[in-house]
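One-letter residues, chain by chain:
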Amino acid sequence: MSELAPSRTNSPKPVPKKTADRSQVKTSACILCECNCGIEITLDGRRFERIRGDERHPGSAGYTCEKALRLDFYQNDRHRLTSPLRRRPDGSHEEIDWDTAIREIAGRLRAVQEEAGGDKIFFYGSGGQGNHLGGVYGRSLQAALGARYYSNALAQEKTGEFWVEAKLYGGHAKGDFHHAEVAVFLGKNPWQTHGFPRARPALREIARDPARTMIVIDPRRSETAELADIHLQVRPGADAWCLAALLGTIAQEDLVDRRFLEEHTAGSEDVTAVLSAIDVDACAERCGVDAALLRTTARRIATASSVATFEDLGVQQSPHSTLVSYLNKLLWILTGNFGRPGTMYLHSSFAALAGPTAGGSGGRPVKRTPVTGAKIIAGLVPCNSIAEEILTDHPDRFRAMWIDSANPAHSLADSPRFREALDALDLVVVVDVAYTETARYADYVLPAASQFEKWECTFFGSEFPRNTFQLRPPALDPLPGTVPEPEIYARLLRELGALDGAPVEALTEAARAGRKTFTAAFFKELQAQPHLFGLTPHLLYETLGPALPPGRQGTAAIWGLAQLCTLAQPDAVRRAGHADGDALFDAILAHPSGVTFTVEAWDDVWNYVRRSDRRFTVAIPDLLEQIQGLSRSVPDWTSAEFPFVLSAGERRAFTANTIIRDPRWRRRDPAGALRINPEDAARLGLVDGGWARVITERGQALAVADISDTMQPGHISLPNGMGVDHPEHGRSGVGPNELTSVARRDPFAGTPWHKHVPARVEPVTSCQGRSD
């Protein structure tokens, strides 16, 4: 066995333009944000010579932003691994063969299960922006082991919003920004982060139209704020007071849509009574926005024919995040902006991104974590609680961790403490394409095929009235030595004997006889043996998979999801042209650019309100009490020692998730500069392009200063996607979570305050000896 020197492909380099054979143009999707725009990739060998938008994609229709054009830096960087790795006692890794890796990992998982219980094996990841198919099969491994606890990046961002939406209407609301008279962006910069199809053209259209209004609530003058008609430049962390002032104005001036509230809500009287008592002027003073401007904004929202709103990480990773989600929903509910073009809607889903349980074991939903008692929302353990669930002598502590397509040692708050937690576990297994910061702490690393070397998909589709789904084919064969996640899970589950006693041979024979025969046999067996439900993806892989066209075995789970999608939304699926689940599955396989899987009218949006009376339950007592408490509190979490608010992880033009590890893809801001207001820079003696030291209660780092009047005094920011180690170029920029704290989190949902980190800044005359 060799000393670790991970096998790598050649790095991207410029090539002459040439006309490609059409056979070398592959259909795929961008994997850098939730929009997953359709793309066409022109290949030159294994290199992505050219990338352009796919005009046949039913959602993006040829559009893509500039980030997608550089995906070769992901596919062909030298970070790729091509052999399983095993950790030595000294912490280094050695290459081993696949059979050895699978046998040893299965044995060690079984040992943890037998000694401590399967619920002590914690699963994290199984997804990412474009890598969801493997996660479906990962649920079968959870079921086989009896694992109950699970989490992913959504628990760093969206669980507070998930909880609020479950209380209000039981679904997920999005906005029709392409037709809205008023668009409100709250802690959201869609010019950089997108979030809905063709975001930049839509923003330009709103900005150009004098009859439409764009409202941005953001401490920073972002690219979207530059386009806005109204920019409410709140103090960092004061969004709750800003929204309370808007809602107080609407309630006090009787600008609510009473007919909508009477016909479609329950409990609105309790809500308007609380809002009518809000001191608008006091809230304005606390959030730092002129009271007259807040009242004008509230009137514009309340009197518009249509309003759509979008909240994102700027508020979801800041103080009062769950409360802010509630206030945001009240803004459009109380003004009746739902169920019409240009307003908010609930939507169909091809598959759920999260749910009430965190495993596939068929047990009762887990409501709290075993050690700290943190709330589990949508089946997800709060990310800021994970280290606390490990670094303890509690008998129910997590003993092992399975990490798939995620890099929590870099992406979760307080990276040093999370690394300590990884070291304390009995077993850590990482499935990834790269030797990441997390992989370095793993007992085993399994090299996955890249997102362009296998069948893959995402479940982010959330459009209305036409919702779309794309199962994209591989653009390339897997790099030798790598294996797609569905096959990785299949090998482990075979080694564990997960399907011993299951009717594998009978179902395999039924699949050979034809789809109708298989469908009848499959559901009959599930009904007779309900314990197989958790193993469904693996069972499909082993039985239906071999009957599919060559190379498509990994798509077998999509057949099962197509059946569930059709059962949940039969009329909408049929209107999209699919007679049943089989027809939908066949259409998905036949259209690599994506399909429309549901078609609905605006009246159908009420079908997704998960209440028997189809009404919104507007009053949430716990959060109404928090609204009343705003008048007794002040938005200030800084101190004399840490007077600045650091936004750790700002999205910029040349940042992305850390799946792009090669720093050369950044044509601008290669070092990931610290943005700081000119007044603050002058007071501290900072110069543009000079070095500054950022210090927080958890750590410190050096960064290049970018003096920018887009920042208000007292507010600084560092970009996301920085601070990863590259085999050729070392570490570039600051890893934001070297500076964040697990203690600073929403007290209800546990989401971290990445965008509100108390800090101080010091000038540095020399960067010699810097550790970052």
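Quick caveat, the model's predicted, so the values are computed rather than measured.

Okay, the overall build of the protein next. When you go through the protein residue by residue, the secondary structure sums to 26 helices and 30 strands. The C-alpha atoms of the protein give a radius of gyration of 26 Å, which matches the 28 Å a tight globule of 772 residues would have. By its C-alpha atoms, the protein is 70 × 65 × 65 Å across when sized along the principal axes. For the protein, the residues scored as buried account for 63% of the 772 residues in total. Put simply, the protein shows about 28,200 Å² of open surface, and 48% of that area lies on carbon and sulfur atoms. In the protein, the 87 positive side-chain charges and the 96 negative ones have mean positions that sit 2 Å from each other.

If you trace the backbone, alanine 143 turns up in helix 3 (residues 133-145). C-alpha of alanine 143 to C-alpha of threonine 536: the two residues are 393 residues apart in sequence and 9.7 Å apart in space.

By way of backbone hydrogen bonds, the strands of a sheet pair with one another, either parallel or antiparallel. In space, the seven strands of this open sheet follow the order 5-4-17-16-15-6-7, with mixed pairing throughout. The open sheet has two edge strands, strand 5 (93-95) and strand 7 (150-151), and neither has a second partner. One ladder, built from five bridges, connects strand 15 (residues 400-404) with strand 16 (residues 427-432); its direction is parallel. Its bridge partner being in strand 16, alanine 400 is matched across the sheet by leucine 427. Packing against the sheet, helix 3 makes contact with strand 6 (121-125), strand 7 and strand 15, and its axis sits at approximately 170° to strand 6. Contacts from helix 18 (residues 485-496) reach strand 15, strand 16 and strand 17 (444-447) within the one sheet, and its direction differs from that of strand 15 by about 150°.

Buried within helix 10 (residues 268-276) we find Ser268, Val271, Thr272, Val274 and Leu275. Axial view of helix 10: buried residues confined to an arc of 160°, hence all on one face. Away from its buried face, by an angle of more than 90 degrees, helix 10 presents the exposed residues Glu269 and Ala273. Close packing links the buried residues of helix 10 with helix 8 (239-252), helix 9 (258-264), strand 12 (265-266), helix 14 (321-333) and helix 25 (621-629).

As a further point, take the packing of helix 19 (residues 504-513) against helix 20 (residues 515-528). Close contact between helix 19 and helix 20 brings their axes to 7 Å; oriented N to C, the two are set at 155°. Here helix 19 lies roughly antiparallel to helix 20, going by the angle between them. For the pair helix 19 and helix 20, the contacting residues are Leu507, Ala510, Ala511 and Ala513 in the first and Thr517, Phe518, Ala521, Phe522 and Glu525 in the second. In terms of residue class, the contact of helix 19 with helix 20 is made up of seven nonpolar, one polar and one charged.

By secondary structure assignment, the location of histidine 756 is in the loop between strand 29 (730-731) and strand 30 (757-764). Taking C-alpha positions, histidine 756 is 34 Å from glutamine 75, a pair spaced 681 residues apart along the chain. Not counting residues up to four positions away in its chain, the partners in contact with histidine 756 are Pro236, Gly237, Gln317, Ser318, Pro319, Trp637, Val645 and Leu646.

The strand order around the closed barrel formed by six strands is 23-27-24-26-25-30, and the pairing between neighbours is mixed. If you compare each strand with its neighbour and ignore which way they point, the axes differ by 45° on average. As defined by bridge partners, strand 25 (residues 691-696) adjoins strand 30 across six bridges and the pair is classed as antiparallel. Across the sheet, the residue bridging to threonine 696 is alanine 759, located in strand 30.

Before going further, it helps to spend a moment on the environment of leucine 203. With respect to the helices, strands and loops of the structure, leucine 203 is situated in helix 6 (residues 199-208). In sequence terms leucine 203 and phenylalanine 177 are 26 residues apart; their C-alpha atoms lie 8.6 Å from each other. Not counting residues up to four positions away in its chain, the partners in contact with leucine 203 are Phe185, Pro190, Trp191, Met214, Thr224 and Leu227.

Among the nonpolar cores identified, the biggest contains 123 residues, and Leu71, Phe350, Ile386, Trp402 and Ile558 are the most heavily contacted of them. Apart from the residues within four sequence positions on either side, isoleucine 386 is in contact with Phe122, Tyr124, Val381, Met401, Leu412 and Phe418. Within the second largest apolar cluster, 90 residues are counted, among which are Phe185, Ile217, Ala244 and Ala291.

Omega for the bond connecting phenylalanine 464 with proline 465 falls within 30 degrees of zero, at 5°, which places this linkage in the cis form. In this fold, proline 465 is placed in the loop between strand 18 (456-457) and strand 19 (466-469). Residues other than glycine seldom take positive phi values, yet arginine 198 does so here, at roughly 50°. One can find arginine 198 in the loop between helix 5 (190-193) and helix 6. A positive phi angle, near 55°, is found at alanine 378, a position not held by glycine. Mapped onto the elements, alanine 378 comes out in the loop between strand 14 (344-346) and helix 15 (386-390).

Moving on, we get to helix 14. The terminal C-alpha atoms of helix 14, which comprises 13 residues, lie 18 Å apart, in line with the 18 Å expected from a rise of 1.5 Å per residue. By the criterion of burial, helix 14 is predominantly enclosed, with 13 of the 13 residues buried.

With that settled, consider the pairing of strand 30. Bridging between strand 23 (residues 644-650) and strand 30 involves three bridges; their strand directions are antiparallel. Looking at the pairing, phenylalanine 644 lines up with alanine 759 of strand 30.

Per-residue confidence for the protein averages 93 on the pLDDT scale, and 95% of its residues sit at or above 70. Per-residue pLDDT stays below 50 along residues 1-20; that stretch engages in 54 contacts with residues further than four places along the chain or on separate chains. Confidence drops under pLDDT 50 across residues 768-772; counting only partners more than four residues distant or on other chains, this segment forms seven contacts.

As a packed pair, helix 20 and helix 21 (residues 536-543) sit with axes 13 Å apart at the nearest point and diverge in direction by 145°. Helix 21 is crossed by helix 20, and the crossing has right-handed handedness. Touching Phe518, Phe522 and Leu526 of helix 20 are Thr536, Leu539, Leu540 and Thr543, all from helix 21. When grouped by side-chain class, the residues that make up the contact of helix 20 with helix 21 number five nonpolar, two polar and no charged.

Enumeration according to the criterion identifies 35 aromatic pairs in this entry. Relative to phenylalanine 597, the ring of phenylalanine 350 has its centre 5.7 Å away and its plane inclined at 75°; by these criteria the two rings are edge-to-face. Linking phenylalanine 350 in the loop between strand 14 and helix 15 with phenylalanine 597 in strand 21 (residues 595-599), this pair joins segments that are 247 residues apart in sequence. Grouping residues by exposure puts phenylalanine 350 and phenylalanine 597 together as buried. For the cation-ring pair, arginine 139 lies above tyrosine 150, with the distance from its terminal atom to the ring centre recorded as 4.3 Å. The ring of phenylalanine 748 carries lysine 375 above its face, with NZ or CZ at 4.5 Å from the centroid.

Basis of the calculations
- Residues numbered from 1 in each chain as written.
- Predicted model: local features only at pLDDT ≥ 70, side-chain atom pairs only at ≥ 80, totals over all residues.
- Heavy atoms only, no water.
- Helix = DSSP H or I, 4+ residues; strand = E, 2+ residues; numbered from the N terminus.
- Rg over C-alpha atoms; globule rule 2.2 N^0.38 Å.
- Buried < 20%, exposed > 50% of the residue type's maximum accessible area, 1.4 Å probe, protein only.
- Areas by Shrake-Rupley, 256 points an atom, 1.4 Å probe, with all protein chains shown as cover.
- Lys, Arg positive; Asp, Glu negative; His and termini not counted.
- Charge placed at Lys NZ, Arg CZ, Asp CG, Glu CD.
- Pairing = 2+ DSSP bridges.
- Contact = heavy atoms within 4.5 Å.
- Axes fitted to C-alpha atoms, helices over the stretch in contact; angles between N-to-C directions.
- Arc of directions from axis to C-beta.
- Parallel < 35°, antiparallel > 145°, perpendicular 65-115°, else oblique.
- Nonpolar A, V, L, I, M, F, W, Y, C, P; charged D, E, K, R; others polar.
- Core = buried A, V, L, I, M, F, W, Y, C linked by side-chain atoms within 4.5 Å.
- Expected span 1.5 Å × (residues − 1).
- pLDDT = per-residue confidence, 0-100.
- Left-handed = near helix turned anticlockwise from the far one by under 90°.
- Phe/Tyr/Trp six-rings, centres within 6.5 Å; stacked < 30°, edge-to-face > 60°.
- Lys NZ or Arg CZ within 6 Å of the ring centre and 35° of its normal.

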